[in-house]
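Here is what each chain is made of, one letter per residue.
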Amino acid sequence: MLVNGVWQENWQPVQAKDEQGRFIRQTSPFRHWITPDGAPGPNGEGGFKAEAGRYRLYVAYICPWASRALMVRALKGLKDVIDVTVVNPRLTDQGWRFGGYPGADEDRLHGARYLHELYTSADPRASGRATVPVLWDTRTGTIVNNESADIVRMLNGAFAGIKDQGPDLYPADLAAEIDALNAYLYTDLNNGVYQAGFASSQQAYEEAYGKVFAALDEMEARLADGRPYLFGERLTETDLRLFVTLVRFDAAYHGLFKCNRNTLRAMPNLHAYMHRILALDGIAETVNLDHIQAGYYSIKALNPTGIVPAGPGEI
Ligand SMILES: N[C@@H](CCC(=O)N[C@@H](CS)C(=O)NCC(=O)O)C(=O)O
């Protein structure tokens, strides 16, 4: 991680844990907003006007948080408005790097070798982990935002004046329910699988495992009435949040993270729901199973041999 602009130590998946051995994810430091006219966004920080070709999204296909940003870019018709750079899926001692793997891009914008160079370029005294996604402003040469929850929400509306936008992923009449379900799914499922995988005590692992499968059971039951999406007919950002975890489940979380009560394939409503979303325009190209497996299984702390499982082949 970075401390005052200097890369400190070999990359480790867990930098913080509580006294019970529970993995703690850091919060994201860059929280500016792109808005139609450059006015401040919801958190009061602004100055970033929506313009075609101005911004670039740095992602890893392995990363569920980055993938939800990629999904919203596809669903909102922003593929020719915001360019993307994909990092190498295998984590190195210096975190994410560019190039050197099929489907990974070089950083043509800066010629950087590692993602952390963008962080120090944005802030020479940056501290913390150099995470994806990064939404980069080519005009001012800085990071607009590195929190995918914000990026999803800002891309939902910011470019409305430039592009005919797709579905409203955060409709006002569902906002409170979306916020509540997002919070539950984040704690118990999206981050729950990581807490199972990175637990450093049996108790912390079992606690996370329990939460993960309780949440999956609840979502499986919720879809039992045949609704296409979590809130009915309308696709919302909550569906993107659930999808990114489901699509990685059998390929990574079931094995590497020991979330192995059952596969996703064994949950018919959720499995069909995942494929319904995967079939939406532009979504399949946000999912790269080879990167997902190569990336997760490159985490040496969890898989010292680096052997990538041959299955499941299909999800
Ligand atoms: N809250 C952030 C989390 C991003 C995050 O944790 N990304 C992971 C990959 S899935 C990462 O880049 N990790 C690198 C590291 O921790 O050094 C978001 O949602 O954008």
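Residues numbered from 1 in each chain as written. Predicted model: local features only at pLDDT ≥ 70, side-chain atom pairs only at ≥ 80, totals over all residues. Heavy atoms only, no water.

Undergrad: An account of unusual backbone geometry is needed here, citing residue identities and associated values.
TA: That bond from Val 132 to Pro 133 is cis: its omega, 0°, falls within 30 degrees of zero. As for its position among the elements, Pro 133 is in the loop between α2 (116-122) and β7 (134-137). The amide bond that connects Gly 311 to the next residue, Pro 312, takes the cis arrangement and shows omega of 0°. Its location among the elements puts Pro 312 in the segment after α9 (289-296). Unlike most non-glycine residues, Asn 4 shows phi in positive territory, near 50°. The residue Asn 4 is located in the loop between β1 (2-3) and β2 (6-7) in this model. One non-glycine residue, Lys 258, lies in the positive phi region at around 60°. Mapped onto the secondary structure, Lys 258 falls in the loop between α7 (237-253) and α8 (268-278). The partly exposed category is assigned to Lys 258, whose relative accessible area is 45%. (Helix = DSSP H or I, 4+ residues; strand = E, 2+ residues; numbered from the N terminus. Buried < 20%, exposed > 50% of the residue type's maximum accessible area, 1.4 Å probe, protein only.)

Undergrad: So what's going on with the pattern of salt bridges? Residues and values would help.
TA: Using the criterion set out here, one finds 13 salt bridges in the structure. Its salt-bridge partner being Glu 237, residue Arg 153 comes within 2.7 Å of it at the nearest N-O pair. Taken together, the residues span a long stretch of sequence, with Arg 153 in helix α3 (residues 148-157) and Glu 237 in helix α7 at a distance of 84 residues. With a relative accessible area of 26%, Arg 153 lands in the partly exposed category. Judged by relative accessible area, Glu 237 falls into the buried class, the value being 2%. Sharing partners across several salt bridges, the network here consists of Glu 51, Arg 54, Asp 137 and Arg 139. (Salt bridge = Lys/Arg side-chain N within 4 Å of Asp/Glu carboxyl O.)

Undergrad: I'd love a proper account of the UniProt feature "domain: GST C-terminal" (unreviewed entry) in the protein, names of residues and values included.
TA: Here the UniProt-annotated "domain: GST C-terminal" (unreviewed entry) positions come out as residues 171-307. Helix and strand shares over residues 171-307 are 58% and 0% respectively, and the end C-alpha atoms of the span are 44 Å apart. (UniProt positions renumbered as here; feature names shortened; annotations may be inferred.)

Undergrad: Just give me the short version of α7, but keep the residues and values in it.
TA: Roughly 30° is the biggest bend found in α7, and it falls at Val 247. Where burial is concerned, most of α7 is hidden: 17 out of the 17 residues are buried. (Bend = angle between axes of the 7 residues up to and from the residue.)

Undergrad: Any details on the packing of aromatic side chains? Residues and values, ideally.
TA: By the definition in use, this model includes 17 aromatic pairs. Ring centres of Phe 249 and Tyr 253 lie 6.3 Å apart, and the angle between their planes is 85°; this geometry places the pair in the edge-to-face category. Within this pair, Phe 249 and its partner Tyr 253 are both found in helix α7, separated by four residues, close to a single helical turn. Looking at Phe 249, the relative accessible area reads 0%, which means it is buried. Its relative accessible area of 0% is what places Tyr 253 among the buried residues. Positioned above the aromatic ring of Tyr 170 is the side chain of Arg 153, whose terminal nitrogen or guanidinium carbon lies 3.6 Å from the ring centre. (Phe/Tyr/Trp six-rings, centres within 6.5 Å; stacked < 30°, edge-to-face > 60°. Lys NZ or Arg CZ within 6 Å of the ring centre and 35° of its normal.)

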